[in-house]
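A look at the structure
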Amino acid sequence: MTSEELLNKVRKIEIKTRSLSKNIFAGEYHSQFKGRGMAFSEVREYQPGDDVRSIDWNVTARLNRPYIKVFEEERELTVMLLVDVSGSRNFGTLSQFKRDMMAEVAATLAFSTIENNDKVGVIFFSDQIEKYIPAKKGKTHVLHIIRELLTFEPTSAKTDITAALQYFANAQKRRCTAFVISDFLDEQFVHTAKIGRKTELEKAWMIASNKHDLQAIQIYDKRETELPNVGLLKLKDAETGERIWVDTADKQLRDAYAKAWTISQRALSDLFTKTHTDHVSIRTDEDYVKALKTLFRQ
């Protein structure tokens, strides 16, 4: 991609996603994410009708009369985007690649953040932490994020969501809102869930969601859910590089392929249920606007 092509693509995404952020998501973002956290403000003397659970017993004991803690809503948020940059994002059979939709979704969330005068940062991950962009405010910062979303090439093609969550939970000390944007094709997680064991991902997700407000956005393609009957196909695993011939005319094989997808989605659904995580799944040929509005309203 030349510099001119990159600038045109950045500009195109900016126009589309910034417009969505201003005109569609601004209200939902503000009402759902603003003020979720509560910050200590001051203590004042207890008044009839105050919640006794707010009494500051240390101050009360020191001054020999009841005082309560006063909290106020934290009006400035930090939003972190955990974006999957593994090899499987370079797949798409309908209107676009998964990586392109991931970039648009992330850009829309980033612009929604700065429209509300909040800070946004990004963690790119594969089976390792590929890049960390600390949270900042401003349009220039968001445009930098978009350029990275479009051009960043990871050093590894594999996936380890567990490692990304562990890094995030350790690096981000203050509570924030975070969106994990991924296809969730993590073989280690699916295999462990399939045999009924508590997964490392589940443990890491629980720890991260206890510290932060965690949301999940799954991006997938139709051909990951079912194989078409088109005869003999040579397929390549985008994360391992392994190549294999597949006879798609074999109904038993197509049924097994569809069943494997169903099992993986059930494991994912169980994970989100156990960790009380709001989530949406978006197919590459679907309009992500409706899905994001649903997520914001959950």
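The numbers attached to residues start from 1 for each chain and follow its sequence in the written order. Residue-level local features of this predicted model are given only where pLDDT is at least 70; pairs of side-chain atoms are given and counted only at 80 or more, and the full residue set underlies all totals for whole chains, interfaces and linings. The basis for every side-chain value is the complete set of non-hydrogen atoms in the structure, without hydrogens or water.

1. Quick notes on the pairing of strand 5 (residues 129-136)
One requirement defines pairing of two strands: DSSP has to find at least two bridges between them. A run of H or I in DSSP becomes a helix once it reaches four residues, and a run of E becomes a strand once it reaches two; helices and strands are each numbered from the N terminus. For strand 4 (residues 119-125) and strand 5, the ladder comprises five bridges, and the chain directions are antiparallel. Bridging from a neighbouring strand, Phe124 pairs with Lys131 of strand 5. Hairpin connection from strand 4 to strand 5: three residues lie between these consecutive antiparallel strands.

2. Overview of the side chain of Thr199
One can find Thr199 in the loop between helix 6 (187-194) and helix 7 (200-211). Here Thr199 falls in the buried class, since its relative accessible area comes to 3%. Within the local environment of Thr199, its side chain forms a polar contact with the backbone nitrogen of Glu202, the two atoms lying 2.9 Å apart. A simple rule labels every residue: compare its accessible area, found with a 1.4 Å probe on the protein chains alone, to the largest value its type can have, and call it buried under 20%, exposed over 50%, or partly exposed in between. By the criterion applied in these results, polar contacts are pairs of N or O atoms within 3.5 Å in which, for protein atoms, one can donate a hydrogen and the other can accept it, and in which residues neighboring in sequence qualify only through two side-chain atoms.

3. Structural notes on the packing of helix 3 (residues 98-115) against helix 4 (residues 139-151)
Taken N-terminus to C-terminus, the directions of helix 3 and helix 4 make an angle of 170°; their axes are 10 Å apart at the nearest point. Taken together, the axis directions place helix 3 and helix 4 in an arrangement best described as roughly antiparallel. Every residue of helix 4 that contacts helix 3 at Arg99, Ala103, Ala106, Ala107, Ala110, Phe111 and Ile114 is listed here: Lys139, Val142, Leu143, Ile146, Leu149 and Leu150. For this classification, Asp, Glu, Lys and Arg are treated as charged, while Ala, Val, Leu, Ile, Met, Phe, Trp, Tyr, Cys and Pro are nonpolar and the rest, including Gly, are polar. Of the residues in the contact of helix 3 with helix 4, the class split is 11 nonpolar, no polar and two charged. Here an axis means a line fitted to C-alpha atoms, over the contact stretch when the element is a helix, while the angle between two N-to-C directions is reported on a 0 to 180 degree scale. An angle below 35 degrees is treated as roughly parallel, one above 145 as roughly antiparallel, one from 65 to 115 as roughly perpendicular, and anything else as oblique. Pairs of residues are marked as contacts when any of their non-hydrogen atoms sit within 4.5 Å.

4. So, the packing of aromatic side chains
The aromatic pairing rule takes the rings of Phe, Tyr and Trp, using the six-membered ring of Trp, and pairs them if the centres are within 6.5 Å, calling planes under 30 degrees apart stacked, those over 60 edge-to-face and the rest tilted. Scanning all chains against the criterion turns up six aromatic pairs. Both rings, one in Phe124 and one in Phe152, keep their centres 5.1 Å apart while their planes meet at 20°; by these two values the pair is stacked. Separated by 28 residues along the polypeptide, Phe124 in strand 4 and Phe152 in the loop between helix 4 and helix 5 (161-171) bring together distant segments of the chain. Residue Phe124 is classed as buried on the basis of its relative accessible area, which comes to 1%. Aromatic side chains Phe184 and Phe272 sit 5.7 Å apart centroid to centroid with 85° between the ring planes, which places their arrangement in the edge-to-face category. Of this pair, Phe184 sits in the loop between strand 6 (177-182) and helix 6 while Phe272 sits in helix 8 (residues 251-274), and the two are 88 residues apart along the sequence. Among the residues examined, Phe272 registers a relative accessible area of 4% and is labelled buried.

5. Quick look at the pattern of salt bridges
A carboxyl oxygen of Asp or Glu within 4 Å of a side-chain nitrogen of Lys or Arg is what we treat as a salt bridge. Taken as a whole, this structure holds 11 salt bridges when the rule is applied. The salt bridge partner of Asp50 is Arg44, with a shortest N-O separation of 2.9 Å. A relative accessible area of 17% means that Asp50 is categorised as buried. Ionic pairing is found between Glu200 and Lys203, a salt bridge with its closest N-O pair at 3.1 Å. With Glu200 and Lys203 both in helix 7 and three residues apart, this pair spans about one turn of that helix. Through salt bridges with shared partners, a single ionic network connects Lys98, Asp183 and Glu224.

6. Examining helix 9 (residues 288-297)
Buried within helix 9 are the following residues: Tyr288, Val289, Ala291, Leu292, Leu295 and Phe296. Seen from one end, helix 9 has its buried residues packed into an arc of 165°, which puts them on one side. Pointing more than 90 degrees away from the buried face of helix 9 are the exposed residues Lys290 and Arg297. Where helix 9 begins, one side-chain oxygen reaches toward the backbone nitrogen of Val289, 3.0 Å away; that side chain belongs to Asp287. What the arc covers is the set of directions going from the helix axis to the C-beta atoms.

7. Side note on the confidence of the model for the protein
Predictor confidence is given residue by residue as pLDDT, running from a minimum of 0 to a maximum of 100. Summary statistics for the protein give a mean pLDDT of 87 and a share of 87% for residues scoring 70 or more. The secondary-structure element of the protein with the lowest mean pLDDT is helix 6, recorded at 68, while strand 4 shows the highest, at 97.

8. Structural notes on the sheet that holds strand 4
The strands that make up a sheet are held in pairs by hydrogen bonds between backbone atoms, and each pair lies either parallel or antiparallel. On the basis of which strands lie adjacent, the open sheet formed by six strands has the order 5-4-3-6-7-10 and mixed pairing. Only two strands of the sheet have a single partner each, and these edge strands are strand 5 and strand 10 (278-283). Geometrically, the sheet is characterised by an average inter-axis angle of 15° between neighbouring strands, direction not taken into account. Taken together, the five bridges between strand 3 (residues 78-84) and strand 6 define a ladder with parallel strand orientation. Note on strand 6: the bridge partner recorded for Leu81 is Phe179.

9. A word on the side chain of Glu239
Here Glu239 shows up in the loop between strand 8 (232-236) and strand 9 (243-247). The side chain of Glu239 is buried and forms no salt bridge, while Lys98, the nearest opposite charge, is found at 7.2 Å. Among the polar contacts listed, one links the side chain of Glu239 to the side chain of Thr159, at a separation of 2.7 Å. In this view, Glu239 contacts Ser86, Gly87, Ser88, Ala157, Lys158, Thr159 and Leu185; residues no more than four positions away in its chain are not counted. For the purpose of charge, His is not counted, nor are the chain termini; Lys and Arg are scored as positive and Asp and Glu as negative.

10. Things to note about the nonpolar core
Counting 40 residues, the largest nonpolar core has Leu81, Val105, Ile146, Phe179, Ile181, Ile217 and Ile282 as the members making the most contacts within it. No other element matches the 10 residues that helix 3 contributes to this core. For Ile217, the contacting residues outside a window of four places in its chain are Val105, Leu109, Phe179, Val180, Ile181, Ser182, Phe184, Val280, Ile282, Leu292 and Leu295. Of all hydrophobic cores here, the second largest spans 24 residues; its members include Ile123, Leu165, Leu201 and Phe272. Buried Ala, Val, Leu, Ile, Met, Phe, Trp, Tyr and Cys residues form a nonpolar core when they are joined through side-chain atoms within 4.5 Å.

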